Amino acid sequence: MEAIERKPRSREQTRSGIVLTAKDIARREGWQAVSIRKIADAIEYSAPIVYEYFDSKDVLLDEIRSEGFRHLRQEYERILKLYRDPEKRLYEISLIQWEFARRQPEIYQVMYNLDGAYCTLPVYQSSEMQAVSDIVSDIIFSFIPKSKESIRKLYFEWWSISHGMIMLTMLLKDQQPIEQSEQVYRDTMRRFVRGLR
């Protein structure tokens, strides 16, 4: 009976190891360097074994993308419990977005198809991304109850500002100190949030 219990645990550890190895390779060499063969070599398995867990690099990238959105959703939900003021909620969620991209850029790249982390599975079809979008949209609605179309427009503005500034920071990381970029981000998000009142 114990051997049966150990096998699923071992299988989950192998799956997690594959994901961690892919992220590690991406962190060191970029997403273009990630391949099923390279992952298999790094974890000392054959490529067919890795394919038992992930049919393709796309499926692996989609798993990493979902992991990133799940993490954001959990953090956003934590903010909802922590603060009641919609202005504070939206601002704090914006900071979580920034911090996540700064601390885990390789996952953020997969989430939004950046820097060679191209996943052919459309991000807008991700249920995890939709859950994150719904939380932000609900917060915006709590500021100003408007039509669904108006909320969608305001969400798009928030997302464009946040994501756009994060992408520019990633692109300019060697030309502008991260602290300066972060201050610009904080000031910009604060102005946007206050402008919703």
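Residues numbered from 1 in each chain as written. Predicted model: local features only at pLDDT ≥ 70, side-chain atom pairs only at ≥ 80, totals over all residues. Heavy atoms only, no water.

- With an unreviewed UniProt entry as reference, the chain is termed TetR/AcrR family transcriptional regulator, source organism Fibrisoma montanum.

Considerations on the UniProt feature "domain: HTH tetR-type" (unreviewed entry) in the chain
Point 1. When the UniProt feature table is mapped onto this chain numbering, "domain: HTH tetR-type" (unreviewed entry) sits at residues 12-72.
Point 2. For residues 12-72, the helix share is 80%, the strand share is 0%, and the end-to-end C-alpha distance is 22 Å. (UniProt positions renumbered as here; feature names shortened; annotations may be inferred. Helix = DSSP H or I, 4+ residues; strand = E, 2+ residues; numbered from the N terminus.)

So, empty space enclosed by the protein
Point 1. Applying the stated rule across the entire model yields one cavity of 30 Å³ or more.
Point 2. In this structure, the largest cavity spans a volume of roughly 40 Å³.
Point 3. Looking at the largest cavity, the residues that line it are Phe-69, Tyr-76, Gln-97, Tyr-112, Met-129, Val-132, Ser-133, Val-136, Tyr-155, Trp-158 and Trp-159.
Point 4. At the level of secondary structure, the elements contributing two or more residues to the lining of the largest cavity comprise α4 (57-82), α7 (127-143) and α8 (148-171).
Point 5. At four residues, the largest contribution of residues to the lining of the largest cavity is made by α7. (1 Å grid on protein atoms, 1.4 Å probe; cavity = no way out; pocket = protein on both sides within 12 Å on 5 of 7 lines; lining within 4 Å. Points joined across faces, edges and corners; volume = space filled by probe spheres on them.)

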